[in-house]
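# Commentary on secondary and tertiary structure
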Amino acid sequence: MASTLPSRRHFLALTGLTALSVSLTAACGAGASGGGPSADGKVTFEWWNIATTEPGKSLFPQISSAFTTRHPNVAIHTTSLENEAFKSKLTATTSSGRLPDVFQTWGGGVLQQQVDAGLVEDLTDLLDWSSDLTPVSLQAYRFGGRTYGVPYDIGMVGFWYNKKLFAKAGITTPPTTWAEFLDDVRKLKAAGITPIALAGKEKWPGHYYWAYLAMRVGGLPALQKAATTKDFTGAGFVQAGAHLKELVDLRPFQTAFLGAGYATPGGQAATMGNGKAAMELMGQWAPSVQKDAGADLGADLGFFPFPSVDGGVGQATEVFGGGGFALRKGAPKEALDFLKFFVLENESKLLASNGYLPVVKGAESQLTDADRKVVAASLVRATGFQLYLDQAYPPAVGQEVNDSVADLIAGKKTPEQVAASITEAAKSA
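In this numbering scheme, every chain counts its residues from 1 along its sequence in written order. The model is predicted, so local features are restricted to residues of pLDDT at least 70 and side-chain atom pairs to those at 80 or more, both for listing and for counting; the totals for chains, interfaces and linings are taken over all residues. Excluded from the side-chain calculations are hydrogens and water; all other atoms, namely the structure's heavy atoms, are used.

### Focus: the packing of aromatic side chains
Counted only if it meets this: Stacked, edge-to-face and tilted are the three classes for Phe, Tyr and Trp ring pairs, Trp counted by its six-membered ring, which pair at centre distances within 6.5 Å; planes under 30 degrees apart are stacked, over 60 edge-to-face, the rest tilted. A run of DSSP states H or I qualifies as a helix once it reaches four residues; a run of E qualifies as a strand once it reaches two. Both are numbered from the N-terminal end.
Under the counting rule described, the total for this entry stands at 38 aromatic pairs. Measuring from ring centre to ring centre gives 5.0 Å for Phe60 and Phe342, while their planes differ by 90°; the resulting arrangement is edge-to-face. Residue Phe60 is located in helix 2 (residues 56–70), and its partner Phe342 is located in helix 13 (residues 333–345); the two are separated by 282 residues in the primary sequence. Relative to Phe342, the ring of Phe338 lies with its centre 6.0 Å away and its plane at 65°, an arrangement referred to as edge-to-face.

See below:
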């Protein structure tokens, strides 16, 4: 995120907000975003999401229209923004003491700061249907035993690979250790194949590598401890950077990757979808974006979890991801009705689109895509779950993770400097 969010007290001083909030059960929202009855008597609310690529680009409006058809007294004003543009706009909106009625969130430290500022609705006593959801999918939205978000997806980041290109390089099975992974990168390069597609310009895809390596080397407890001590200079974090530098030194990415976007023409997803790179490290939405931005690899596409690291204490069954929505404090009750409709009544459509993973108990049986089944099975076996680090920690810290890891990948920072910069941001946040 672009800046540190002010404290609740600072919000109140800046915006004149009072400590009194309007209950979600009141049809009229009193927040600055203006959700509530309009001049024509309809209840209107804002919905901000990141569905700018398929399948969400088509599916989200369909779900919204279905809801307003069933509830003609409701109007939904939708804003769909690309990932980074969304984060920047939400940061600016939050800093002014404003939030849209319904907004994309990944939970974690970013959501917690918004909660601490008194801007987010506590849903704990309102989600009488939370028992229908898988516990792991709710984890990122719970603080102090209270729930502040609704998951619609339970992301898992891993490697999507081109089976045909692997075979061309003589690789018969996906790597399970970091050493094997590096060897496979060398084999791909020797065969004249670009090993990895990366959106260097957008930074967040690059942070996946450092975050996963920190998980594999130090384990989830190290990441959780760092959130409390605000110290990322421990051996596990420095070693994560050293392992990432091992990869960077092999020059595994496509030409001009530092200027490449993710879903843009010629970007990471298109490079992968068009068969011009053998791998990308991305969430379960990757195949849909590959198809949307480039082409569909079909049966040539495979998936494998991020490898373990020799000597690391982290487990290969610890996974990384997230995805949900939250409500601003005082949002119309119809906004929560919409989320219930979105998640429970449209789970089948979300899964059939092959862009999302189940958050409703038992829904995994509806998956038909072979790769998505592999991802879902990995989640079922997961022994730990970590939210994306640029969302798990406070915004300024998450931004520094993205920036410093991008500098490491670009050859501008050492592993030690990355750890020191993130620590400095954490202690200043």
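That shown, we press on.
### A few points about helix 15 (residues 370–381)
Let me state the cut-off plainly: Expected span, for any helix, means 1.5 Å times one less than how many residues it has. Exposure classes here rest on a 1.4 Å probe applied to the protein chains alone. A residue is buried below 20% of its type maximum, exposed above 50%, and partly exposed in between. What the arc measures is the spread of directions leading from the helix axis to the C-beta atoms.
When the terminal C-alpha atoms of helix 15 are compared, their 17 Å separation across 12 residues agrees well with the 16 Å that a helix rising 1.5 Å per residue should span. Residues of helix 15 that are buried include every one of Asp371, Arg372, Val375, Ala376, Ser378 and Leu379, and no others. Here the buried residues of helix 15 occupy an arc of 155° about the axis, which is enough to place them on one side. For helix 15, the exposed residues lying more than 90 degrees away from the buried face are Ala370, Val380 and Arg381.

### As for the environment of Gly322
The condition that has to hold: It only takes one pair of heavy atoms within 4.5 Å for two residues to be counted as in contact.
Among the secondary structure elements, Gly322 is positioned in the loop between strand 11 (318–321) and strand 12 (324–327). Judged by its relative accessible area of 7%, Gly322 falls in the buried class. Once you skip the residues sitting within four places of it in the chain, Gly322 turns out to touch Trp106, Tyr141, Asp153, Gly155, Phe385, Leu387 and Tyr388.

### With respect to the environment of Ala167
When you line up the elements, Ala167 lands in helix 6 (residues 163–168). Look at Ala167 and you get exposed, because its relative accessible area is 53%. In this structure the C-alpha to C-alpha distance between Ala167 and Gly145, which are 22 residues apart in sequence, comes to 49 Å.

### With respect to the packing of helix 8 (residues 204–218) against helix 17 (residues 395–409)
Condition: Only the stretch in contact is used when a helix axis is fitted, and all axes are lines through C-alpha atoms; the angle between N-to-C directions ranges over 0 to 180 degrees. Comment on the angle field: the value is read as roughly parallel under 35 degrees, roughly antiparallel over 145, roughly perpendicular from 65 to 115, and oblique elsewhere. Classification convention: Asp, Glu, Lys, Arg as charged; Ala, Val, Leu, Ile, Met, Phe, Trp, Tyr, Cys, Pro as nonpolar; all other residues, Gly among them, as polar.
Two numbers describe how helix 8 lies on helix 17: the axes approach to 8 Å, and their chain directions differ by 85°. Between helix 8 and helix 17, the angle falls in the class roughly perpendicular. Listed contacts from helix 17 to Trp204, Gly206, His207 and Trp210 of helix 8 are Val401, Asn402, Val405 and Ile409. Partitioned by chemical class, the residues of the contact of helix 8 with helix 17 number five nonpolar, three polar and no charged.

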